[in-house]
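What the coordinates show
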Amino acid sequence: MINPSLETQITIDYEHIWHPYSSMHSKSPVFHVDSAAGVYLHLSNGKKLLDGMSSWWCAIHGYNHPRLNQALEQQLQQVAHVMFGGLTHKPAIRLVEKLVRLTPQALQSVFISDSGSVAVEVALKLAIQYWNAKGEPGKQRFATLRNGYHGDTMGAMSVCDPVTGMHSLFNDVLTQQFYVERPKSRYGEACDEGDTHALENLLQQNHQQIAALILEPIVQGAGGMYFYSSDYLLRARELCNHYRVLLIADEIATGFGRTGKLFACEHAPISPDIMCVGKALTGGYMSLAATLTTTEISSTIDNGNPGVFMHGPTYMANPLACAVANASIELLLESEWQARIQQIERKLTELLSPCEALSQVAEVRCLGAIGVIEMKTPVDMASIVPQFVDAGIWVRPFGKLVYLMPPYVISDAELEQLCEKLVEVLGRQAD
Ligand SMILES: *Cc1c(COP(=O)(O)O)cnc(C)c1O
């Protein structure tokens with residue numbers, strides 16, 4: 001099959017390919033992308049879609065960016081990949097130098113991995129090895145917030161929301177962790193006693209067993225698109241210190257400007273013991289992630305048994321991925337990203353507000369370059385996504401949540417078009 005027709009390709013897709021969280025044989029619509037440039041996805045049927053998703057937080061500079069393309073092409077002339085055991089290279093060194101400089105000062109040791117879920121596994125393993133090396137091998141479990149999302153591998157899943165993560169299905173392989181309610185206080189509000197009470201009780205009673213508290217700072221992403229009080233982060237940091245529990249900040253979704261700060265921990269501000277980054281790290285070009293920790297933690301692990309950190313992915317620190325990550329971070333920092341994200345927040349707030357009047361909408365909330373419309377009931381994906389596509393926009397809701405997180409390079413006019421079309425389609429659902 002040198003040049004299969006579009007129809008044939010879609011048939012093969014339906015017969016053989018799983019998409020994220022999909023069933024093999026449901027035939028829910030998939031749209032065939034031919035190319036993408038700037039803030040537009042070009043479908044193979046000729047249709048052009050304005051992108052409201054940044055391919056799940058990643059494509060912050062838009063698609064097919066000349067600078068990112070160039071970084072990859074240049075690296076390709078040098079070396080595409082070498083093993084990281086016993087070898088090193090400039091793209092990885094430059095990247096780690098940047099990550100260490102841009103994240104909280106205490107974070108000086110970096111483990112580069114190939115996806116967000118693996119970065120979370122690495123964080124959990126670092127915490128366990130740390131306490132083991134400290135002579136507290138009983139600290140092997142984790143505390144986490146309900147409605148959280150930290151990835152799809154077994155360890156990461158165990159710290160996801162137990163209901164939406166379907167823990168009952170994986171009962172015998174998932175560790176029972178400690179789950180606390182997410183804070184009720186919203187972003188911008190002070191945090192009240194009630195919010196931290198559950199966490200304090202939990203840590204007080206179980207700290208001998210708890211290696212770390214893992215949370216998504218400020219924005220809970222895939223578990224509910226929820227924005228909570230920065231005060232809560234401050235309090236969580238204090239409680240972790242008090243009860244000798246490490247704090248892991250999962251910045252995989254929030255990192256690289258999405259919430260208006262370079263990292264969401266800066267809203268508090270707090271310095272976590274371990275931080276995970278991924279998603280927008282390469283500007284949406286390649287899968288890459290990193291876990292950062294303090295020198296105290298890395299040297300304690302070195303001094304423990306077996307004296308090494310027990311992890312090493314085959315494609316660790318892939319040079320192509322590191323090279324494009326370097327270019328993406330440089331591009332971001334050279335731009336007026338903070339002003340741009342403030343403007344996107346203002347525009348989203350203004351342009352999505354008409355949704356509040358719709359009878360089926362429960363709440364509209366915006367933070368940074370994230371706009372969320374929470375519906376009263378789950379949307380019918382099979383019917384609404386094709387309506388968005390007909391309207392020329394790419395938006396993919398889940399459950400009750402219809403949300404936008406456009407590339408930062410979207411213009412005001414494009415943002416207006418994106419929101420107007422979205423509001424129009426949602427308005428139609430009412431009748
Ligand atoms: C997406 C995400 C992950 C998992 O990353 P993958 O690259 O999909 O494995 C983990 N934590 C958070 C907060 C995420 O948003």
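Computed from a prediction, not measured in an experiment: that's the story for all the values here.

**Quick word on the overall build of the protein**
When helices and strands are tallied, the protein shows 13 helices and 16 strands. In terms of C-alpha radius of gyration, the protein reaches 22 Å, essentially the compact-globule figure of 22 Å for 431 residues. Once the C-alpha set of the protein is aligned to its principal axes, its extents read approximately 60 × 55 × 45 Å. Residues counted as buried form 53% of the 431 residues belonging to the protein. For the protein, the proportion of contacts with a sequence separation of at least 24, taken over those separated by at least 6, is 72%. On the protein, the mean spot of the 31 positive side-chain charges and the mean spot of the 44 negative ones are 1 Å from each other.

**Comments concerning the pairing of strand 10 (residues 246-250)**
Residues in a regular strand project their side chains so that they alternate between the two faces of the sheet. With respect to burial, strand 10 is a largely interior element, five of its five residues being buried. Side chains Leu246, Ile248 and Asp250 project from strand 10 onto one buried face, and the interleaved Leu247 and Ala249 project onto a second face that is buried too. With four bridges joining them, strand 7 (residues 210-215) and strand 10 adopt parallel strand pairing. Bridge pairing links Leu215 to Ala249 in strand 10.

**Observations concerning the sheet that holds strand 14 (residues 370-375)**
Pairing is antiparallel in the open sheet, where three strands are placed in the order 13-14-16. Edge positions in the sheet fall to strand 13 (361-367) and strand 16 (401-404), since each of these pairs with one other strand and no more. Neighbouring strand axes in the sheet, compared pairwise and without regard to direction, differ in orientation by 15 degrees on average. Strand direction decides the pairing type here: strand 13 and strand 14, joined by six bridges, are antiparallel. Counterpart to Arg365 in the pairing with strand 14 is Val372. Here helix 11 (residues 337-352) sits on the sheet and contacts strand 13, strand 14 and strand 16; the angle it forms with strand 13, its principal contact strand, is near 165 degrees.

**Looking at the layout of surface pockets**
There is about 300 Å³ of room inside the second largest pocket. Forming the walls of the second largest pocket are 14 residues, and the residues nearest its centre are Ala71, Gln74, Gln75, Arg94 and Ala323. Elements with a contribution of two residues or more to the lining of the second largest pocket: helix 3 (66-78), helix 4 (90-102) and helix 10 (319-334). Here the lining of the second largest pocket takes six residues from helix 3, the largest share from any one element. A per-class count over the lining of the second largest pocket returns five nonpolar, five polar and four charged.

**Observations regarding the packing of aromatic side chains**
Centre distance and the angle of the planes are the two values used to describe a pair of aromatic rings. Scanning the entire structure with this criterion turns up six aromatic pairs. When the ring of Tyr228 is compared with that of Tyr232, the centres are 5.8 Å apart and the planes differ by 85 degrees; the resulting orientation is edge-to-face. With a centroid separation of 5.2 Å and 65 degrees between ring planes, the pair formed by Phe256 and Phe263 is classed as edge-to-face. Judged by relative accessible area, Phe263 falls into the buried class, the value being 1%.

**Some details on the pattern of salt bridges**
As enumerated under the stated definition, the model contains 16 salt bridges in all. Between Glu330 and Arg94 there is a salt bridge, and its shortest N-O distance comes to 2.4 Å. Taken together, the residues Glu330 in helix 10 and Arg94 in helix 4 connect sequence positions 236 residues apart. A salt bridge links Glu424 to Arg428, with the shortest nitrogen-to-oxygen separation between them at 4.0 Å. Taken together, the residues Glu424 and Arg428, both in helix 13 (residues 412-430) and four residues apart, mark about one turn of the helix.

**So, the nonpolar core**
Counting residues in each nonpolar core, the largest one holds 132 residues, and the members touching the most others are Ile373, Leu422 and Leu426. Two domains each provide a minimum of three residues to this core, namely domain 1 (31-64 + 335-430) and domain 2 (70-334). Excluding its chain neighbours within four sequence positions, the residues that come into contact with Ile373 are Leu352, Cys355, Val361, Glu363, Val364, Lys400, Leu401, Val402, Leu422 and Leu426. Listed in part, the seven residues of the second largest apolar core include Leu320, Val324, Ala327 and Leu331.

**Details of helix 7 (residues 193-206)**
Between its first and last C-alpha, helix 7 extends 20 Å over 14 residues, near the 20 Å set by a 1.5 Å rise per residue. All of the buried residues in helix 7 are Asp195, Thr196, Leu199, Leu202, Leu203 and Asn206. In this fold, the buried residues of helix 7 make contact with strand 5 (141-145), strand 6 (178-180), strand 7 and helix 8 (230-242). N-cap assignment for helix 7: the residue whose side-chain oxygen lies 3.0 Å from the backbone N of Gly194 is Asp192.

**Focus on the site of the ligand**
Lining the immediate surroundings of the ligand are Ser115, Gly116, Ser117, Tyr149, His150, Gly151, Glu216, Asp250, Ile252, Ala253 and Lys279. Protein coverage of the free-state accessible area of the ligand, which is 380 Å², stands at 82%. Tallied by class, residues from the shell around the ligand come to three nonpolar, five polar and three charged.

**Considering the environment of Phe142**
As for its placement among the helices and strands, Phe142 is situated in strand 5. Remark: the alpha-carbon pair of Phe142 and Ile248, spanning 106 residues in sequence, is separated by 10.0 Å.

**Quick word on the domain arrangement of the protein**
Partitioning the protein into domains gives domain 1 (31-64 + 335-430) and domain 2 (70-334). Computed over C-alpha atoms only, the centres of domain 1 and domain 2 are separated by 27 Å. On the side of domain 2, 28 residues touch domain 1, which itself brings 27 residues to the contact. In terms of surface lost to domain 2, no three residues of domain 1 exceed Trp57, Trp337 and Leu367, which account for 31% of the buried area on that side. Across the domain 1-domain 2 interface, the total number found is one salt bridge. The interface formed by domain 1 and domain 2 includes 14 residue pairs in polar contact (both at pLDDT 80 or more). Taken together, the elements giving at least two residues each to the side of domain 1 that touches domain 2 come down to helix 2 (54-57), helix 11, strand 13, strand 14 and strand 16. When residues of the side of domain 1 that touches domain 2 are assigned to their parent elements, the largest contribution, four residues, is made by strand 13. Of the residues that constitute the side of domain 1 that touches domain 2, the class distribution is 18 nonpolar, six polar and three charged.

Rules used in this analysis
Residues numbered from 1 in each chain as written. Predicted model: local features only at pLDDT ≥ 70, side-chain atom pairs only at ≥ 80, totals over all residues. Heavy atoms only, no water. Helix = DSSP H or I, 4+ residues; strand = E, 2+ residues; numbered from the N terminus. Rg over C-alpha atoms; globule rule 2.2 N^0.38 Å. Buried < 20%, exposed > 50% of the residue type's maximum accessible area, 1.4 Å probe, protein only. Contact = heavy atoms within 4.5 Å. Lys, Arg positive; Asp, Glu negative; His and termini not counted. Charge placed at Lys NZ, Arg CZ, Asp CG, Glu CD. Pairing = 2+ DSSP bridges. Axes fitted to C-alpha atoms, helices over the stretch in contact; angles between N-to-C directions. 1 Å grid on protein atoms, 1.4 Å probe; cavity = no way out; pocket = protein on both sides within 12 Å on 5 of 7 lines; lining within 4 Å. Points joined across faces, edges and corners; volume = space filled by probe spheres on them. Nonpolar A, V, L, I, M, F, W, Y, C, P; charged D, E, K, R; others polar. Phe/Tyr/Trp six-rings, centres within 6.5 Å; stacked < 30°, edge-to-face > 60°. Salt bridge = Lys/Arg side-chain N within 4 Å of Asp/Glu carboxyl O. Core = buried A, V, L, I, M, F, W, Y, C linked by side-chain atoms within 4.5 Å. Domains from an automatic or database assignment. Expected span 1.5 Å × (residues − 1). Polar contact = N/O pair within 3.5 Å; in protein donor to acceptor, adjacent residues only side chain to side chain. Near = heavy atom within 4 Å. Areas by Shrake-Rupley, 256 points an atom, 1.4 Å probe, with all protein chains shown as cover. Buried area = accessible area lost by both parts, 1.4 Å probe.

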